[in-house]
Amino acid sequence: MFPDLGRTAPLVPPLYPASVYTFPDLDALDAVYAGTEPGFVYARDGHPNGKHLADELTALEFTFGLGGGAWGIATGSGMGATVAAVLPLVEVRSRVVAASRLYGRTAQFFRDHLALFGVTTTFADASDPDAVRAAVDAGPCKVIYAETLSNPLCRAVDIAALADIAKAAGATLVIDNTFATPVLCRPLELGAGVVVESVTKLIGGHSDVTLGFVAGTDPAAFPAVKTTVSVWGLAAPPFDCWLAARGLGTLDLRARASAANAAAVADWLADRPGVKRVVYPGRPDHPDRTVAARLFGGSPPGHMLCFELADRDAVNRFLRAAPGIPFSPSLGDVTTTCSHPDTTSHRYDAAADKLREGITPGLIRLSVGCEPLARITAELAKGLG
Ligand SMILES: *Cc1c(COP(=O)(O)O)cnc(C)c1O
């Protein structure tokens, strides 16, 4: 028997790695299945640490308390969240309109995997609402899918405008909000029907969990998402949920400090010789600065930025001279890290497409952390030295 805690309770949430739960009798089992009593049956269908994380994150997606029937569920990865969000919304021969700039695996899911079920995807420039409207108007459309900020050049989408287009077409707008986090931008409040977050990134924040999260506003949509998580095996592991819930205590601080650092680093880099270009949606020369200002309420629009050096050799010199900014192709850690889109996230894209987008061999992507600013700029100075 587990020790009796008496009238005490742990200050921090316990970890429940159990894969299955026990019942005193059939009536208790029936009550859990009916939802008239709390409880869990089988961890792939739900467990306390997953529910705890999902409840906390669902609350974060709304500034002024939960919207009426708001729901949320944790998944085993950000990709799991995308799959669980989209599969219930499509059927054979239906169509999705997706942003032309998408996380690579997400684009692959729409292009290659949904196609297996006879679902077609039209890709459109989601930073141009007219392009999205034209794509949606070209035929029936079930889903519009876009990212708040794209990787790596932080092209922003006007979520409210896309929500209007979705509403007029009877489609659901699904937004991948990973680069923003619900601390800085809340797509459900702007009219999106479903939001997807890769908890692996800034929400997790310590590069030690792989998790995702899906939330929505329509209570009728939740059962199908929950079933999809179980049937497709997308459940989140309890330990990862426990770690991520622990990180939520500092999410607000980390997200705001990292974004403030990013805005300052962007300005600092723009004045450095050898830096050809700085790309940050808070800078006056970014094509989506106006939309980003609206999405982020005028606060620094996120912790991601890019800067361009002369060429690949210059990037190699930077990486070798600035080991304090680890070259690590993910994002959202408390520590500033860098990546090289040309050879990592966009490695297999056609060279012509990359150049048209501005993803050159000299482009470095920074995921700015929440260290003291002076430490970041000192290390960057070494790299540029
Ligand atoms: C990383 C990422 C994903 C996928 O998340 P995983 O947790 O790696 O599965 C989806 N969208 C964006 C924008 C991401 O950066």
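Calculation notes
All residue numbers refer to positions counted from 1 along the written sequence of the respective chain. Only residues with pLDDT of at least 70 get local features here, since the model is predicted, and only at 80 or more are side-chain atom pairs given and counted; chain-wide, interface and lining totals rely on the full set of residues. For side-chain calculations, the full set of non-hydrogen atoms in the structure is used, while hydrogens and water are omitted. Only DSSP runs of H or I reaching four residues or more are called helices, and only runs of E reaching two or more are called strands; each is numbered from the N terminus. Our radius of gyration is a C-alpha quantity, and the globule rule it is checked against amounts to 2.2 Å times the number of residues to the power 0.38. Exposed residues in this analysis have more than 50% of their type's maximum accessible area, buried residues have under 20%, and partly exposed residues fall in between, with area computed by a 1.4 Å probe over protein chains only. What makes two residues a contact is simply this: any of their non-hydrogen atoms within 4.5 Å. Residue burial considers only the protein chains on display, and all accessible areas are found by Shrake-Rupley using a 1.4 Å probe. Asp and Glu count as negative and Lys and Arg as positive, but His and the ends of the chain are not part of the count. Charge positions come from single atoms, namely NZ of Lys, CZ of Arg, CG of Asp or CD of Glu. At least two bridges found by DSSP between two strands are what make those strands a pair. Note on method: axes are straight lines fitted to C-alpha atoms, helices fitted across the in-contact stretch only, with angles between N-to-C directions ranging 0 to 180 degrees. Each residue is tested against the molecule or strand, and it is near if at least one of its non-hydrogen atoms lies within 4 Å. The definition of a polar contact used here is a pair of N or O atoms within 3.5 Å, where within protein one atom must be able to donate a hydrogen and the other to accept one, and adjacent residues in sequence count solely through side-chain atom pairs. Using a grid of 1 Å spacing that covers the protein atoms alone, one calls a set of points a cavity when a 1.4 Å probe fits there but cannot get out, and a pocket when the set is open and has protein on both sides within 12 Å along at least five of seven lines; lining residues are those with an atom within 4 Å of a point. Whether a molecule sits in a cavity or pocket is decided by its atoms, more than half of which must lie within 2 Å of the grid points. In the scheme used here, Gly and all other residues not listed as nonpolar or charged are polar, with Ala, Val, Leu, Ile, Met, Phe, Trp, Tyr, Cys and Pro taken as nonpolar and Asp, Glu, Lys and Arg as charged. Should the near helix be turned anticlockwise from the far one by less than a right angle, the crossing is left-handed, and should it be turned clockwise, the crossing is right-handed.

Draft legend 1. Focus on the overall build of the protein chain. Looking only at helices and strands, one finds 14 helices and eleven strands in the protein chain. Computed over C-alpha atoms, the radius of gyration of the protein chain comes to 22 Å, within 12% of the 21 Å expected from 2.2 N^0.38 for 385 residues, which places it in the range of a compact globule. Residues counted as buried form 50% of the 385 residues belonging to the protein chain. For the protein chain, the share of sequence-separated contacts (at least 6 apart) that also reach a separation of at least 24 residues comes to 72%. When the accessible surface of the protein chain is summed, it comes to about 17,700 Å², and 57% of that surface belongs to carbon and sulfur atoms. Within the protein chain, the 39 negative side-chain charges are centred at a point lying 6 Å from the centre of the 33 positive side-chain charges.

Draft legend 2. Spatial organisation of the sheet that holds strand 8 (residues 277–279). Reading across from one edge, 8-9-11-10 is the order of the four strands in this open sheet, with antiparallel pairing throughout. For this open sheet the edge positions go to strand 8 and strand 10 (337–339), each flanked by a neighbour on one side alone. Taking the axes of each pair of neighbouring strands and ignoring which way they run, one obtains an average angle of 25 degrees across the sheet. Judged from the five bridges that link them, strand 9 (residues 304–308) and strand 11 (residues 363–367) form a sheet pairing that is antiparallel. Note on strand 11: the bridge partner recorded for M304 is S367.

Draft legend 3. Representation of the side chain of T337 in the model. Among the secondary structure elements, T337 is positioned in strand 10. For T337, the contacting residues outside a window of four places in its chain are I325, P326, S328, S330, R365, L366 and S367.

Draft legend 4. Looking closely at the site of the ligand. Looking at the ligand, the residues that line it are S77, G78, M79, Y103, D176, T178, F179, S198, T200, K201 and L211. Within the side chain of D176, an N or O atom sits 2.6 Å from a nitrogen atom of the ligand. Surface burial for the ligand is 92%, taken as the share of its 380 Å² of free accessible area covered by protein chains. The cavity that encloses the ligand is the largest pocket. The class makeup of the residues in the shell around the ligand is four nonpolar, five polar and two charged.

Draft legend 5. Quick peek at the packing of helix 10 (residues 251–270) against helix 14 (residues 373–384). In contact at an axis separation of 11 Å, helix 10 and helix 14 are set at 35 degrees when each is read in the N-to-C sense. For the pair helix 10 and helix 14, the sense of crossing is right-handed. Where helix 10 abuts helix 14, its residues N261, A264, V265, W268 and L269 lie against L373, I376, T377, L380, A381 and L384. In terms of residue class, the contact of helix 10 with helix 14 is made up of nine nonpolar, two polar and no charged.

Note that all results are geometric; they support no functional claim without further evidence.
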